[in-house]
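Below are the chains, spelled out letter by letter.
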Amino acid sequence: MADPARAARLAKRITTIVASAIGGEIKDPRLAHVTITDCRVTGDLHDATVFYTVMGDSVESEPDVAEAAAGLAAATGALRSKVGAGTGVRFTPTLRFELDMVPDATRAMDELLARAKAQDELVAQAARDARPAGEEDPYKHDDPSAEEEDTVG
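Here's what I pulled together on the structure shown here. (Residues numbered from 1 in each chain as written. Predicted model: local features only at pLDDT ≥ 70, side-chain atom pairs only at ≥ 80, totals over all residues. Heavy atoms only, no water.)

Moving on to the overall build of the chain. A count of helical and extended segments in the chain gives four helices and three strands. Secondary structure elements in the chain, listed N-terminal to C-terminal, are α-β-β-α-β-α-α. Taken against the 2.2 N^0.38 rule, which gives 15 Å for 153 residues, the C-alpha radius of gyration of the chain at 31 Å runs more than 25% over that of a compact globule. In terms of its C-alpha atoms, the chain occupies a principal-axis envelope of roughly 100 × 40 × 20 Å. (Helix = DSSP H or I, 4+ residues; strand = E, 2+ residues; numbered from the N terminus. Rg over C-alpha atoms; globule rule 2.2 N^0.38 Å.)

The following block contains the structure:
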């Protein structure tokens, strides 16, 4: 088993190599909107999982994840060759591509936080407008004049 620091360095290097290859050397139009986000290498340095996200053509359009996955599958051999040449390790890790779900989870969490904030504002508004059901001050208070008589006598 390799040193975890070495595995982390190799993962970072693989991320850089794959991202630059997709950005400039691989001419597949299906990979035009693919962004490499992370890479994890196993402890024995034999397998690498590369995480990616896919953007749409515009802000409103949905990304074509299936086409991007097909493009990455077709380019896996070329990308592995570039990783082997760029890392100089004895055994070039196999590459497996996985869609990164972190942006979707972040978007869902932001929506949940926005709904919670809206609910908090409704509760705060209801609290500001609330009036007591009974008297303003429901607590019993001693008569201050009675206390003065007890202390004098």
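Next up on the list: the nonpolar core. Within the largest apolar cluster, 27 residues are counted, with the highest numbers of intra-cluster contacts made by Ile14, Val18, Val34 and Leu79. When contributions to this core are tallied by element, the ones reaching two or more residues are helix H1 (4-25), strand E1 (34-41), strand E2 (47-54), helix H2 (65-87) and strand E3 (94-99). Excluding residues within four positions of it along the chain, Leu79 makes contact with Val18, Ala21, Ile22, Ile26, Leu72, Leu95 and Phe97. (Core = buried A, V, L, I, M, F, W, Y, C linked by side-chain atoms within 4.5 Å. Buried < 20%, exposed > 50% of the residue type's maximum accessible area, 1.4 Å probe, protein only. Contact = heavy atoms within 4.5 Å.)

Our focus in this paragraph is unusual backbone geometry. Positive phi values are uncommon outside glycine, yet Leu45 reaches one of about 65 degrees. Looking at the element boundaries, Leu45 is found in the loop between E1 and E2. A relative accessible area of 9% places Leu45 in the buried class.

A contiguous nonpolar surface patch, about 300 Å² in accessible area, is contributed by Met109, Leu112 and Leu113. In this structure, Met109 sits in helix H3 (residues 102-129). (Patch = residues over 30% accessible without salt bridge, like charges linked within 9 Å, V, L, I, M, F, W, Y side chains within 5 Å. Areas by Shrake-Rupley, 256 points an atom, 1.4 Å probe, with all protein chains shown as cover. Salt bridge = Lys/Arg side-chain N within 4 Å of Asp/Glu carboxyl O.)

The three strands are arranged E1-E2-E3 in an open sheet whose pairing can be described as mixed. The open sheet has two edge strands with one neighbour each: E1 and E3. If you compare each strand with its neighbour and ignore which way they point, the axes differ by 30 degrees on average. With six bridges connecting them, E2 and E3 associate as parallel partners. Counted as the bridge partner of Tyr52 is Leu99 from E3. Taken strand by strand, H1 contacts E1, E2 and E3, and its axis lies near 160 degrees from that of E1. (Pairing = 2+ DSSP bridges. Axes fitted to C-alpha atoms, helices over the stretch in contact; angles between N-to-C directions.)

Okay, the pairing of E1 next. Two strands pair when backbone bridges link them, and E1 and E2 are joined in this way by seven bridges, in the antiparallel orientation. Opposite Ile36, over in E2, you have Tyr52 as the bridge partner. Where E1 hands over to E2, the hairpin turn is made up of five residues, of which Leu45 adopts a positive phi near 65 degrees.

The next point concerns the environment of Ala133. For Ala133, the location among the structural elements is in the loop between H3 and helix H4 (144-152). Ala133 gets classed as exposed once you look at its relative accessible area, which sits at 90%. A sequence separation of 112 residues divides Ala133 from Ala21, and the C-alpha atoms of the two residues are 70 Å apart.

Applying the stated rule across the entire model yields zero aromatic pairs. Positioned above the aromatic ring of Phe91 is the side chain of Arg80, whose terminal nitrogen or guanidinium carbon lies 5.7 Å from the ring centre. (Phe/Tyr/Trp six-rings, centres within 6.5 Å; stacked < 30°, edge-to-face > 60°. Lys NZ or Arg CZ within 6 Å of the ring centre and 35° of its normal.)

Once that is clear, we can look at the side chain of Thr49. Summarising the element assignment, Thr49 is placed in strand E2. Judged by its relative accessible area of 13%, Thr49 is buried. With residues up to four places along the chain from it excluded, the contact list for Thr49 reads Asp38, Cys39, Arg40, Arg96 and Glu98.

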